[in-house]
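Architecture at a glance
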Number of protein chains: 2
Amino acid sequence: MNTDLSPLATPSPAPEPAGPQVAPAFSPLYQQIKALLLRSLQSGEWKPGEPIPSEVDLATRFRVSQGTVRKAIDELAAENLLLRRQGKGTFVATHAEQRTQFRFLRLHSDLGHLDPSGPAQRRILSCQRLRAPADVGLALGLRAGDTVVQVQRVLSFQDVPTILEQLWLPGDPFKGLTLKVLTEHQGPMYALFESEFGVRMVRADERIKAVAADAEAAAGLALAPGTPLLSVERLAYTYHDQPMELRRGLYRTEHHHYRNQLS
Amino acid sequence: MNTDLSPLATPSPAPEPAGPQVAPAFSPLYQQIKALLLRSLQSGEWKPGEPIPSEVDLATRFRVSQGTVRKAIDELAAENLLLRRQGKGTFVATHAEQRTQFRFLRLHSDLGHLDPSGPAQRRILSCQRLRAPADVGLALGLRAGDTVVQVQRVLSFQDVPTILEQLWLPGDPFKGLTLKVLTEHQGPMYALFESEFGVRMVRADERIKAVAADAEAAAGLALAPGTPLLSVERLAYTYHDQPMELRRGLYRTEHHHYRNQLS
DNA sequence: GAGTGGTCTAGACCACCTT
DNA sequence: AGGTGGTCTAGACCACTCC
């Protein structure tokens, strides 16, 4: 009904003064609910891994029907921000679970499904704070002179160094990130970001090219210069499409491949 | 209600004899409706680009509520098999539209959004029927000795040969596919497959590696041997996860990149 | 105005999990 | 038994498109 008894703003039925209307900007109720849920997620009211209130609770809180809340949650679940578990509740998605452990890593072994399930040895090469290079600052939406944390690391599969990557994070939200913290932490790096810095990576774009290994890459991955490598540049976003990480990786693909699903 | 008045099989409430139950295999009504819609799509009862019956029509036909039909269609639309257009109807998705023209081609220009929107010159190098090589036959689920159609072509962007690819199709469904047909056809190849052979590619898996151009690739793309190239191997499926095309492509990435979205 | 998909509601019942 | 998400229904109304 979109009745005005609702606590929510109901933009469309409001009789606006005549004039050049730009766009009616009709927004369904469930979209408004979705935005409210998103705000609670971003503010940390509900933390990764924890359950959010039940559908009936939310329905009474927002003064809408359960079906409307349901549709809002459906969309958030489809975007992998929430996780529904029948009989138990709805939970804030996290990178700290076995199931979603390597959701953003698309490199798989050519052999059977002996994928990077073997947790892949990680070695941190460096972690330092510095002024953002121009391209990095631009990608992360920082101002000139802002500081970033730069991390370099190597991932190995079965003792073969396979991924050499470099990543940049905005200095402000990642204040306490040091080599010690990174080295001592177990589990996925994105899980560390969640638990220690309250930053949850929600989606990412990747750009992939084929390049020849230069001297530095050859040294880092212990292979001959000129070897073809996948260059994977990732820009990862947190809630509300805010860029939070730039990552540049070089992948060996003699025995691995980058897997993608099209639909 | 899942009542027995329904014309559909209602597996779960059927009182089965006691014994070692394997799996209750509860299947919601809307999933059964979805399967029926899928069957009509596969059989060609509704063709790509055409509208399917309205939700109310389908609801009365299947003796269920509109909401149940709606949920079935929702899922098919989410999988890009159907396309909803408010006020007009629901249509069978097709590769012959501007909007979905290059849905499966992930190579983009490094510059602004001057992507492969420029329709990219296509040149067919060859088209021949031959016995399926072992790996191809395996991927396509063919029997030993079955014939396949093999096509080779080059795609150029702004007169620069950029993609060299080779593809194999099962000989049986693609009986009349000749070099003449391929050369004279305008528009995406997958649109040709739909209109001339009734085969609609629904989803695909890609495996990506970095390789060095060999002599043949160097000749085909007019570049120096050893140049790093993206190797993209695609297995494309039609309805019901049936593999229908194997494609191996080599992409130049000096001025282009393969784009991927993670979520 | 008629037809289509899109939203919203209220209520019933089912399947799954915990206690 | 009681709570949670999941399914299904019936009906009302809204937004969009076409005639």
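Before any of the text, the structure's been laid out above.
First things first, this report covers the structure right here in the doc. (Residues numbered from 1 in each chain as written. Chains lettered and ligands numbered in written order. Predicted model: local features only at pLDDT ≥ 70, side-chain atom pairs only at ≥ 80, totals over all residues. Heavy atoms only, no water.)

Brief notes about unusual backbone geometry
With a phi angle near 55°, Ala222 of chain A is a residue other than glycine that sits in the positive phi range. Looking at where Ala222 of chain A falls in the secondary structure, it is placed in the loop between α7 (215–221) and β8 (228–238). Its identity is not glycine, yet Asp159 of chain B carries a phi of approximately 65°, on the positive side. Turning to its location among the elements, Asp159 of chain B is positioned in the loop between β5 (147–157) and β6 (160–170). (Helix = DSSP H or I, 4+ residues; strand = E, 2+ residues; numbered from the N terminus.)

Some words on the pattern of salt bridges
Two side chains bearing opposite charge may form a pair once their charged atoms approach each other closely. Residue and element names in this part refer to chain A. Applying the stated rule across the entire model yields 38 salt bridges over all chains. Between Glu45 and Arg61 there is a salt bridge; the shortest N-O distance is 3.7 Å. With Glu45 in the loop between α1 (29–43) and α2 (55–62) and Arg61 in helix α2, this pair connects stretches of sequence that are 16 residues apart. Taking the relative accessible area as the measure of exposure, Glu45 reaches 42% and is therefore partly exposed. By relative accessible area, which is 44% here, Arg61 ends up partly exposed. Two residues, Arg252 and Glu254, come together in a salt bridge whose shortest N-O distance is 3.1 Å. Taken together, the salt bridges that share partners define one network made up of Glu55, Arg70, Asp74 and Arg84. (Salt bridge = Lys/Arg side-chain N within 4 Å of Asp/Glu carboxyl O. Buried < 20%, exposed > 50% of the residue type's maximum accessible area, 1.4 Å probe, protein only.)

Some points on the protein's contact with DNA strand C
Among the 21 residues in the neighbourhood of DNA strand C, the closest are listed as Leu29, Thr68 and Lys71 of chain A together with Arg70 and Arg84 of chain B. Restricting attention to atoms of DNA strand C within 4 Å of the protein, one finds that 83% of them are sugar or phosphate atoms. At 3.4 Å from a phosphate oxygen of DNA strand C is found a side-chain nitrogen or oxygen belonging to Thr90 of chain B. Those elements that provide at least two residues to the surface near DNA strand C are α1 and α3 (66–78) of chain A together with β1 (82–85) and β2 (89–92) of chain B. (Near = heavy atom within 4 Å. Polar contact = N/O pair within 3.5 Å; in protein donor to acceptor, adjacent residues only side chain to side chain.)

A short note on the interface of chain A and chain B
Counting residues at the interface gives 32 residues for chain A, matched by 32 residues for chain B. When chain A packs against chain B, the two sides together hide about 2700 Å² of surface, and 47% of this comes from carbon and sulfur. Counting every contact that joins chain A to chain B gives 2 salt bridges. Note that Asp110 of chain A and Lys209 of chain B form a salt bridge whose closest N and O atoms lie 2.6 Å from each other. Linking chain A to chain B there are 23 residue pairs in polar contact (both at pLDDT 80 or more). Mapped onto the side of chain A that touches chain B, the elements with two or more residues apiece are β7 (203–212), β8 and β10 (256–262) of chain A. (Contact = heavy atoms within 4.5 Å. Buried area = accessible area lost by both parts, 1.4 Å probe.)

Examining helix α2 (residues 55–62) of chain B
Residues and elements named next belong to chain B. Taken together, the buried positions of α2 are occupied by Glu55, Leu58, Ala59 and Phe62. Buried positions in α2, seen along its axis, are confined to an arc of 105° and lie on one side of it. Looking at the packing, one finds that the buried side of α2 touches α1 (29–43), α3 (66–78) and β1. Phi for Arg63, located one or two positions after α2, is positive at around 60°. (Arc of directions from axis to C-beta.)

Looking at the sheet that holds β8 of chain A
Read from one edge of the open sheet, 8 strands run β4(A)-β5(A)-β6(A)-β9(A)-β8(A)-β7(A)-β10(B)-β3(B), paired in antiparallel fashion. Lying at the two open borders of the sheet, with one neighbouring strand each, are β4 (121–131) of chain A together with β3 (107–109) of chain B. Ignoring which end each strand starts from, the neighbouring axes of this sheet average 25° apart. Across 10 bridges, the pairing between β4 of chain A and strand β5 (residues 147–157) of chain A is antiparallel. From the neighbouring strand, Cys127 of chain A faces β5 of chain A, where its bridge partner is Val151 of chain A. This element, helix α6 (residues 189–197) of chain A, spans β5, β6 (160–170), β8 and β9 (242–251) of chain A of the sheet and lies at about 155° to β9 of chain A. (Pairing = 2+ DSSP bridges. Axes fitted to C-alpha atoms, helices over the stretch in contact; angles between N-to-C directions.)

Considerations on the protein's contact with DNA strand D
The local shell around DNA strand D holds 21 residues, among which Arg70 and Arg84 of chain A together with Leu29, Thr68 and Lys71 of chain B are the closest. Here, DNA strand D places atoms within 4 Å of the protein, and 83% of those atoms are sugar or phosphate. Within the side chain of Thr68 of chain B, one N or O atom sits 2.2 Å away from a phosphate oxygen of DNA strand D. Within the side chain of Lys71 of chain B, an N or O atom sits 2.7 Å from a phosphate oxygen of DNA strand D. Listing elements by their share of the surface near DNA strand D, those giving two or more residues are β1 (82–85) and β2 (89–92) of chain A together with α1 and α3 of chain B. In terms of residue class, the surface near DNA strand D is made up of 5 nonpolar, 9 polar and 7 charged. (Nonpolar A, V, L, I, M, F, W, Y, C, P; charged D, E, K, R; others polar.)

Quick notes on the side chain of Glu194 of chain B
Residue and element names in this part refer to chain B. With respect to the secondary-structure elements, Glu194 resides in helix α6 (residues 189–197). For Glu194, the side chain forms a polar contact with the side chain of Thr94, separated by 2.6 Å. Beyond its immediate stretch of four places on either side in the chain, Glu194 contacts Pro48, Ala93, Thr94, His95, Ala96, Val199 and Arg200.

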